[in-house]
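Fold and contact review
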Amino acid sequence: EKGGYDHFMLKEMVEQPKAMMETLMGRCCESGVTFAGLKLNTEMMKNINRIQIVACGTAYHAGMVGKYYFEKFARISVETEAASEYRYKDPIVDKNTLLIVISQSGETADTLAAIRLAKERGAWVLAVTNVVGSSIAREADDVIYTNAGPEIAVASTKAYVTQVGCMMMLASFLGELNGKMEKAEGSRICHGLMMTPGLIEKALETQAVIKAFADKNHKIYDLFYMGRGVDLYTSMEGSLKLKEISYIHSEAYAAGELKHGPIALIEDGTIVVAVCTQENVFEKMLSNIKEVKARGAHVLAIVQEGHQDIATEVDEVWVIPEMDDDITAIPTIVYLQLLAYYLAVARGCDVDKPKNLAKSVTVE
Ligand code: M6R
């Protein structure tokens, strides 16, 4: 059933180009985004004055990317919160709220509880989920399926990239609905999204390089990720993946936050993964890299083609193809998933059955 792969996680990472294609199919084309069957429309959006995104774990990280692009494309301010926090804090939610929940399994207890609470107070609930007919799909008012296909490995991979794809489509869809986004912008996003299956394919082709890096460095006891803008969320997700399956301690920081404390932990040889895919903050990332280098860090930078010359500043560079800065969250995470995977394998971990973790958290 693993289709010849050593682990479900590897099989599912390899399936990501296809998963992404399924997500985009029939929804994303050069003229913009459509969601067949979605009840949420322009009239209803006029009454919405608050958007909240609620989820757990990896799905929460997809929600952070969602917030970033809802704000960027649709100019709507959004709160993203972990379901376990949302449900116990008497959230501000009423009939003018749109609650978007994200869940691969559609069965996560805290996320389900958040839906029930928001519905009781009159909110409109839109679920982004992978499992047709799941509890979350049934209880929500509207559903967008990620269409990633069954995900078995505890570490979520193809579900994540498709959740991010759905978030970007939704952001662009809402931007058009509320008139805050030009048609041309919508086409640009869709065009970019349609490139992602091929870009993921390219990421998967670099496995040998990633494995070699992992084989050389698997004895580390901690690892830092840093990024700015959307690269921060990619970093957070990469860090979670690493913790889950390799048991290596790791942290992900907004690069500009490092000097407000965490830089104290950087010492000779500490590996820092600097995710630098965003042109508007590239120079800022470069100064943060210099700061950690000055403390002895071993820096691995991930940059788009055209920025290879960063090699003079860092210890290792992974060059990803040139692409629209607004879609880098999708291909870039694949490099970090593979890094977590190969580090875990090099350490002899049971990747598909990490200790203390279950695929679906149906109890609190
Ligand atoms: O099924 P869900 O998307 O609701 O699950 C949420 C989290 O439990 C899940 O993403 C978890 O963090 C994964 N093991 C991450 O790889």
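Preceding block: the structure.
For the structure given in this document, a descriptive report is provided here. Everything numeric in this text was worked out from a predicted model, so none of it was measured.

Conventions we followed
- Residues numbered from 1 in each chain as written.
- Predicted model: local features only at pLDDT ≥ 70, side-chain atom pairs only at ≥ 80, totals over all residues.
- Heavy atoms only, no water.
- Near = heavy atom within 4 Å.
- Polar contact = N/O pair within 3.5 Å; in protein donor to acceptor, adjacent residues only side chain to side chain.
- Areas by Shrake-Rupley, 256 points an atom, 1.4 Å probe, with all protein chains shown as cover.
- Helix = DSSP H or I, 4+ residues; strand = E, 2+ residues; numbered from the N terminus.
- Nonpolar A, V, L, I, M, F, W, Y, C, P; charged D, E, K, R; others polar.
- Phe/Tyr/Trp six-rings, centres within 6.5 Å; stacked < 30°, edge-to-face > 60°.
- Buried < 20%, exposed > 50% of the residue type's maximum accessible area, 1.4 Å probe, protein only.
- Pairing = 2+ DSSP bridges.
- Axes fitted to C-alpha atoms, helices over the stretch in contact; angles between N-to-C directions.
- Contact = heavy atoms within 4.5 Å.
- Core = buried A, V, L, I, M, F, W, Y, C linked by side-chain atoms within 4.5 Å.

Around the ligand, the structure places 13 residues, and the nearest of them are Ser103, Gln104, Ser105, Thr108 and Glu244. Thr108 is positioned with one of its side-chain polar atoms (N or O) 2.4 Å from an oxygen atom of the ligand. Between the ligand and Val154 there is a distance of 3.0 Å, counted from a nitrogen atom to a backbone nitrogen or oxygen. Taken by itself the ligand offers 410 Å² of open surface, and the protein chains cover 91% of this. Only α4 (57-74) and α11 (230-246) provide two or more residues apiece to the shell around the ligand. Looking at which element gives the most residues to the shell around the ligand, the answer is α4, with three residues. A breakdown of the residues in the shell around the ligand according to their chemical character gives four nonpolar, seven polar and two charged.

Right, let's talk about the packing of aromatic side chains for a bit. Within this structure, the stated rule accounts for six aromatic pairs. Ring geometry for Tyr68 against Tyr233: centres 6.2 Å apart, planes inclined by 65°, an arrangement best described as edge-to-face. Highlighted residues: Tyr68 in helix α4 and Tyr233 in helix α11, separated in sequence by 165 residues. Residue Tyr68 is classed as partly exposed on the basis of its relative accessible area, which comes to 23%. What makes Tyr233 buried here is its relative accessible area of 12%. Between Phe213 and Trp318 the ring centres are 5.6 Å apart and the planes differ by 80°, which places this aromatic pair in the edge-to-face class.

Turning to the sheet that holds strand β12 (residues 316-320), a few remarks are in order. One open sheet holds the five strands; their spatial order is β9-β8-β10-β11-β12, and the pairing between them is parallel. Each edge of the open sheet carries a strand with a single partner, namely β9 (249-254) and β12. Looking at each pair of strands side by side, their axes are set apart by 15° on average, direction ignored. Where strand β10 (residues 271-276) meets strand β11 (residues 298-304), six bridges bridge the pair, whose relative direction is parallel.

By the secondary structure assignment, Gln163 is in helix α8 (residues 158-177). Take Gln163: its relative accessible area is 2%, and that puts it in the buried class. Beyond its immediate sequence surroundings of up to four residues, Gln163 is in contact with Thr58, Ala59, Ala62, Ile102, Ser103, Gln104 and Thr146.

This paragraph deals with the environment of Met194. By secondary structure assignment, the location of Met194 is in helix α9 (residues 183-204). Given the relative accessible area of 34%, Met194 is considered partly exposed. Spatially, the C-alpha atoms of Met194 and Ser235 are 23 Å apart, while their sequence positions differ by 41 residues. Not counting chain neighbours up to four residues away, the residues in contact with Met194 comprise Leu24, Cys28, Cys29 and Glu30.

With that settled, consider the nonpolar core. If you look at the biggest cluster of nonpolar residues, it comprises 90 residues, and the most contacted ones within it are Ile51, Phe70, Ile100, Leu170, Leu174, Leu193 and Val273. Ranked by residues supplied to this core, first place goes to helix α13 (residues 329-346) with 13 residues. Apart from residues lying up to four places away in sequence, Phe70 is in contact with Ile51, Arg75, Ile76, Val78, Ile100, Met167, Leu170, Ala171 and Leu174. Core analysis: the second largest hydrophobic core is formed by 20 residues, Phe224, Val272, Val299 and Val314 among them.

Fair warning: the whole summary comes from geometry, so function is off the table for now.
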